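Structure assessment
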Amino acid sequence: MGYLAQKKKNARENIFLKWMLFIFTILTLLFLLPQKDIFLKNWLFQIYVINVLIFLYALIIRRFYFCLGFAVLLIINYFQIAMSARIFTNFDSGGEHHISVTYSPDSPLEVEAHNAIVLRKGHLVLGQNEIAPFMAIEKNGHVFTLIRVDLENNTPKERAIGLLQLRNFISDQDDPVIVFGDFGLPAWSKEMKAFLEDTNLEVKNRILFVKKGSRYSYFSSPKFYILSFQNVGVEDINVSAPKDDKSYPEIKAHLSFY
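To keep things clear, this report deals only with the structure shown in the data block. Here the structure is a predicted model, which is why all the values come from computation and not from measurement.

1. With respect to the sheet that holds strand E10 (residues 251-257)
Taken in spatial order, the 4 strands of this open sheet run E2-E1-E10-E9, and their pairing is antiparallel. The open sheet is flanked by strand E2 (110-112) and strand E9 (232-239), the only strands paired with a single partner. The average angle at which neighbouring strand axes cross in this sheet is 20°, direction not considered. The sheet contact formed by strand E1 (residues 97-103) and E10 spans 7 bridges and is antiparallel. From the neighbouring strand, Tyr103 faces E10, where its bridge partner is Ile251.

Here it is, written out as structure tokens:
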């Protein structure tokens, strides 16, 4: 490649990286604003991945000043995600007791726990058209209330009411709770962060990109979570292919606790 051609190529690369650094800086600043959630924040993880790719590109072509800028943005956005959600790994509690839960919103609530005693069952009303089945069980001297939620198709107003009802129900429980299902929002959204803070619950599972009709929907925001307290972890989680385009993938999680 001739000198002039190389010079033009370097100029195009620099212009591209400048624009990318400008765009991602603006996005990062918008995500940090304490205002009502920005719609793009639902895709914070995907934006983070694109940021990683551009950082690697700048590293390969040896634009180290740009690498530094993208690295700073990566660190900021990583902590925005990691403060509320687990990214690549499940939380392992190291507990010696085990139970399994299955998420299938069109089926009854299922819990597999050897020698467990079912203390009570019921349904929590989250809104006019939304209920959440729950079950209290005792296993090895430990009592848990398990709650399954499905807020995927709710409007923002309905979802806010549902989270409020769920928060009030959890506050009234004397025993630990395990809440799992599709919350309709990523864990780093304003509403979910407030819900986690108010209930002291933590996300236990790695990010899953599931939705009705697909178990690998990487262009949608992750909305399925297993929430509980420090003594509960996720040993394994399996996602089965949905039966059809209108069915939710069956998700089976093996939990441990101490």
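From this point, things continue past the structure.
2. Brief notes about the environment of Glu110
Relative to the elements of secondary structure, Glu110 occurs in strand E2. The exposure class of Glu110 is partly exposed, given its relative accessible area of 39%. Linking Glu110 and Tyr248, residues 138 residues apart in sequence, is a C-alpha distance of 15 Å. Non-local contacts of Glu110, meaning those with residues more than four positions away in its chain, are made with Ser100, Val101 and Thr102.

3. Describing a nonpolar patch on the surface
On the surface, a nonpolar cluster with roughly 1100 Å² of combined accessible area is contributed by Ile15, Trp19, Phe22, Ile23, Ile26, Leu29, Leu30, Leu32, Leu33, Leu68, Val72 and Ile76. Contributions of two or more residues to the nonpolar patch are made by helix H1 (3-32) and helix H3 (64-82). Ranked by residues supplied to the nonpolar patch, first place goes to H1 with 8 residues. As for its position among the elements, Ile15 is in helix H1.

Rules used in this analysis
The numbering scheme is per chain: residues are counted from 1 as the chain's sequence reads. For this predicted model, a pLDDT threshold of at least 70 governs which residues receive local features, and a threshold of 80 or more governs which side-chain atom pairs are given and counted, while totals over whole chains, interfaces and linings are taken from all residues. The side-chain numbers reported here are obtained from all heavy atoms of the structure, hydrogens and water having been left aside. Here a strand pair is declared whenever DSSP counts at least two bridges between the two strands. Helix numbers and strand numbers start at the N terminus; a helix is a DSSP run of H or I with at least 4 residues, a strand a run of E with at least 2. Whenever a helix is involved, its axis is fitted only over the stretch in contact; in every case the axis is a line through C-alpha atoms, and angles between N-to-C directions fall within 0 to 180 degrees. Only protein chains enter the area calculation, which uses a 1.4 Å probe; residues under 20% of their type maximum are buried, those over 50% are exposed, and those in between are partly exposed. In this description, contact between two residues means that some pair of their heavy atoms is separated by no more than 4.5 Å. Patches draw on residues past 30% relative accessible area with no salt bridge. Two like charges within 9 Å are joined, as are two nonpolar side chains (Val, Leu, Ile, Met, Phe, Trp, Tyr) within 5 Å. Each accessible area is a Shrake-Rupley estimate made with a 1.4 Å probe; only the visible protein chains count as cover when residues are assessed. Any Lys or Arg side-chain nitrogen located within 4 Å of an Asp or Glu carboxyl oxygen qualifies as a salt bridge.

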